[in-house]
Amino acid sequence: MSSDVSVSAPRSAFVTTLAWVFIVLAGFATVISVLQNIMISVMFPVSEMQAAADQAKKDQAMPWFAAFMLQNMRLFFFAFLVVCVSTLTAAIGLLKRKNWARVLFSLLMVLGVLWSIAGVVLSIVILSSMPPIPPTAPQGFGDQFDLMSKVMIGFNLVLAVGISVLFGWIIKRLHSPAIRHEFSAA
């Protein structure tokens, strides 16, 4: 009698834990993102959003990136939904040891690193494009604003480095020979 039982590679706790953590996080993020997209569609009609963006550009010297984000708010919320659903799908695929999920998850980690770096750059651009402190501002306000700006940029920088290191480590582990073998045997 022959046995049809195939010997598979042992399942690592790293992949299982990573998958479950991201299933929970991406699941919550997906639910929130769906609700945000519904809210944006119901509460902010496209014509009113466009009129508000046009008026803000005329009334104030609105930075280009703020105007762009205001004009494309629905696109940004939809893109976030796509990333959340993709992350949830990849995490479930990781749990099932699907190789496409390992590759997709790695790509999403790279996207996360790039997004965190872009966040640092964007915070610098936003804070540097702020209008100068008026001379009528209370004494010491300018110094406090400068300190706050430096703390915000510093926090964003520390966060970006932390995310980059963590996601880089995850990518490295997912591409290690042992983990790749685990996915090829599934």
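Since the model is a prediction, treat every value here as computed from it, not as a measurement.

A. A look at the packing of aromatic side chains. This structure, assessed with the given rule, holds 3 aromatic pairs. Just above the ring of Phe14 sits the side chain of Arg173; from NZ or CZ to the centre is 4.1 Å.

B. How the structure looks around the environment of Val121. Counting through the fold element by element, Val121 comes out in helix α5 (residues 99-128). On the accessibility criterion, Val121 (47% relative accessible area) is partly exposed. Linking Val121 and Leu157, residues 36 residues apart in sequence, is a C-alpha distance of 9.2 Å.

C. Broad picture of the nonpolar core. Residues Leu18, Leu94, Phe105, Ile170 and Leu174 are the most contacted members of the largest nonpolar core, which totals 19 residues. Those elements giving two or more residues to this core turn out to be α1 (13-43), α4 (73-95), α5, α6 (141-174) and α7 (177-184). By residue number, the principal contributor to this core is α1, which donates 6 residues.

D. Inspection of α1 at higher detail. Counted at 1.5 Å a residue, the expected span for α1 with its 31 residues is 45 Å, and the 44 Å between its end C-alpha atoms agrees. Taken together, the buried positions of α1 are occupied by Phe14, Val15, Leu18, Ala19, Phe22, Ile23, Ala26, Gly27, Thr30, Ser33, Asn37 and Ile40.

E. Spatial organisation of α6. Over its 34 residues, α6 runs 49 Å from end to end, which matches the ideal 50 Å to within 8%, given 1.5 Å per residue. Among all positions in α6, only Phe145, Ser149, Ala160, Phe167, Ile170, Ile171 and Leu174 are buried. The secondary structure elements touched by the buried residues of α6 are α1, α4, α5 and α7.

F. Representation of the packing of α5 against α6 in the model. Where α5 contacts α6, the two axes come as close as 9 Å, and the packing angle between them is 165°. Judged by the angle between their axes, α5 and α6 are roughly antiparallel. Considering only the axes of α5 and α6, their crossing is left-handed. Residues belonging to the contact of α5 with α6 are distributed by class as follows: 18 nonpolar, 8 polar and 1 charged.

G. Representation of the environment of Lys96. With respect to the helices and strands, the residue Lys96 is situated in the loop between α4 and α5. Sequence separation of Lys96 and Ile32 is 64 residues, and the distance between their C-alpha atoms is 25 Å.

H. Representation of the side chain of Asn37 within the structure. As for its placement among the helices and strands, Asn37 is situated in helix α1. Judged by relative accessible area, which is 15%, Asn37 ranks as buried. A distance of 2.8 Å separates the side chain of Asn37 from the backbone oxygen of Ser33, its partner in a polar contact. Side-chain polar atoms of Asn37 contact the backbone oxygen of Phe77, separated by 3.1 Å. Ignoring sequence-local partners within four residues, the contact set of Asn37 consists of Arg74, Phe77, Phe78 and Leu81.

Conventions adopted
For every chain, the first residue of the written sequence is number 1, and numbering continues from 1 along that sequence. Only residues with pLDDT of at least 70 get local features here, since the model is predicted, and only at 80 or more are side-chain atom pairs given and counted; chain-wide, interface and lining totals rely on the full set of residues. No hydrogens and no water enter the side-chain calculation; it runs on all heavy atoms of the structure. Each aromatic pair joins two rings of Phe, Tyr and Trp (for Trp, the six-membered one) with centres within 6.5 Å, and gets the label stacked for planes under 30 degrees apart, edge-to-face for over 60, and tilted for any other angle. Over a ring means this: the NZ of a Lys or the CZ of an Arg is within 6 Å of the ring centre and within 35 degrees of the ring normal. Helix and strand definitions follow DSSP, with helices as H or I runs of at least four residues and strands as E runs of at least two, each counted in order from the N terminus. Categorising residues by exposure relies on relative accessible area from a 1.4 Å probe, with only protein chains included: less than 20% of the type maximum marks a residue as buried, more than 50% marks it as exposed, and the intermediate range marks it as partly exposed. By convention a nonpolar core is built from buried Ala, Val, Leu, Ile, Met, Phe, Trp, Tyr and Cys residues, the set being connected through side-chain atoms within 4.5 Å. A helix's residues, less one, multiplied by 1.5 Å, set its expected span. Contact criterion: two residues are considered in contact whenever any of their non-hydrogen atoms come within 4.5 Å of each other. For helices, the fitted line uses only the C-alpha atoms of the stretch in contact; every axis is such a line through C-alpha atoms, and the angle between N-to-C directions lies from 0 to 180 degrees. Put simply, angles under 35 degrees are roughly parallel, angles over 145 are roughly antiparallel, angles from 65 to 115 are roughly perpendicular, and the rest are oblique. Crossing handedness follows the turn of the near helix against the far one: under a right angle anticlockwise gives a left-handed crossing, and clockwise gives a right-handed one. Put simply, Ala, Val, Leu, Ile, Met, Phe, Trp, Tyr, Cys and Pro go in the nonpolar bin, Asp, Glu, Lys and Arg in the charged bin, and everything else, Gly too, in the polar bin. A 3.5 Å cut-off defines polar contacts: any pair of N or O atoms within that distance qualifies, except that in protein one atom must be a possible hydrogen donor and the other a possible acceptor, and neighbouring residues in sequence count only when both atoms are side-chain atoms.

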